[in-house]
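Report on the structure
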Amino acid sequence: MRKKTTYPLLLFLVCASYGSYSQSLLQRLQKLQQVYSQHFTLIDTTQIRWQDGSLWQIDDKQVKTHEQQLAKADIQDQLAQNYVKGQPKNPPLANEEAGRIRCEEFFRKMYGNSPQEVEKNLTTIRWLPKSVNIPLKVTTINNVHLRLQAVAAELEALPKHLHHYFNQPAGTYYWRTIAGTNRLSTHSFGIAIDINVKFSDYWHWNKPSNKGIPYKNRIPYEIVAIFEKHGFVWGGKWYHYDTMHFEFRPELL
Ligand SMILES: [Zn+2]
């Protein structure tokens, strides 16, 4: 029997024929594969195969506005923007919000398609165990519970004057839609945390006008850096910002 074309060779050929855009899509897909390797296999730049055998197209071939991407993203849309790790120099530009565009089916497939399915995989971690010691429900899938527990340990070691930003978290798991939309929040999958409502800024509260959305943030970057180190992206880097919000998206980091 003839040996099948090997996977790296195939990827190289696809990449070489599609040029630089595809190269960057390819790199993003490889990262996606690497961080979620127990869930699916990347076949090429057009398809993934899930563990249950189902084959998904990466691109639905539709040209979308930003709003349409938010409403119905495919995997390619989800990976299209670049999340910049590190301290931001400027507020996000219009519609610059890597991580906010999500293919909801992708998260449903990995973490659970209903509250019952998600809840089967939840566990309780202790938030800041040496001080406030608050129980929080998070998923064990992709070891999110271990990652968030590691975040908590590092946050707790920060100087005391920073603790009020995160020692009264407003929640982790909660199956719900994003306010004003019919899209599920990532809190529904047990992969997100809101660190404190009191010091939070949310784009909707700040009177968006025809000049755009005025940016506001009070969360010190030392806190964000710890989350990013452990695979969580920050809602403060989004044009439609949500500065208390962090979610586990290691594919973007
Ligand atoms: Zn949130």
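Refer to the structure above for everything that follows.
Overview of the structure. Only a predicted model underlies this, so the values are computations on that prediction, with no experimental measurement involved.

What follows covers the sheet that holds strand β7 (residues 232-234). The strand order across the open sheet formed by 3 strands is β6-β8-β7, and the pairing between neighbours is antiparallel. One side of each edge strand has no neighbouring strand; the edge strands of this open sheet are β6 (192-194) and β7. Neighbour-to-neighbour, the strand axes of this sheet turn through a mean angle of 20°, independent of strand direction. Bridging between β7 and strand β8 (residues 245-248) involves 3 bridges; their strand directions are antiparallel.

Attention now moves to the pattern of salt bridges. Inspection of the entire model under this criterion finds 13 salt bridges. Residue lysine 229 is joined to glutamate 154 by a salt bridge in which the shortest nitrogen-to-oxygen separation is 2.7 Å. With lysine 229 in helix α7 (residues 221-229) and glutamate 154 in helix α6 (residues 144-156), this residue pair connects regions lying 75 residues apart in the sequence.

What follows concerns the sheet that holds strand β3 (residues 55-57). Across the sheet, 3 strands lie side by side as β1-β2-β3; this open sheet has antiparallel pairing. Each of the sheet's edge strands pairs with one partner strand only, and the pair in question is β1 (40-42) and β3. Direction aside, the axes of adjacent strands within the sheet are offset by 25° on average. Sheet topology places strand β2 (residues 47-50) next to β3; 3 bridges connect them, and they run antiparallel.

Thresholds applied
- Residues numbered from 1 in each chain as written.
- Predicted model: local features only at pLDDT ≥ 70, side-chain atom pairs only at ≥ 80, totals over all residues.
- Heavy atoms only, no water.
- Pairing = 2+ DSSP bridges.
- Helix = DSSP H or I, 4+ residues; strand = E, 2+ residues; numbered from the N terminus.
- Axes fitted to C-alpha atoms, helices over the stretch in contact; angles between N-to-C directions.
- Salt bridge = Lys/Arg side-chain N within 4 Å of Asp/Glu carboxyl O.

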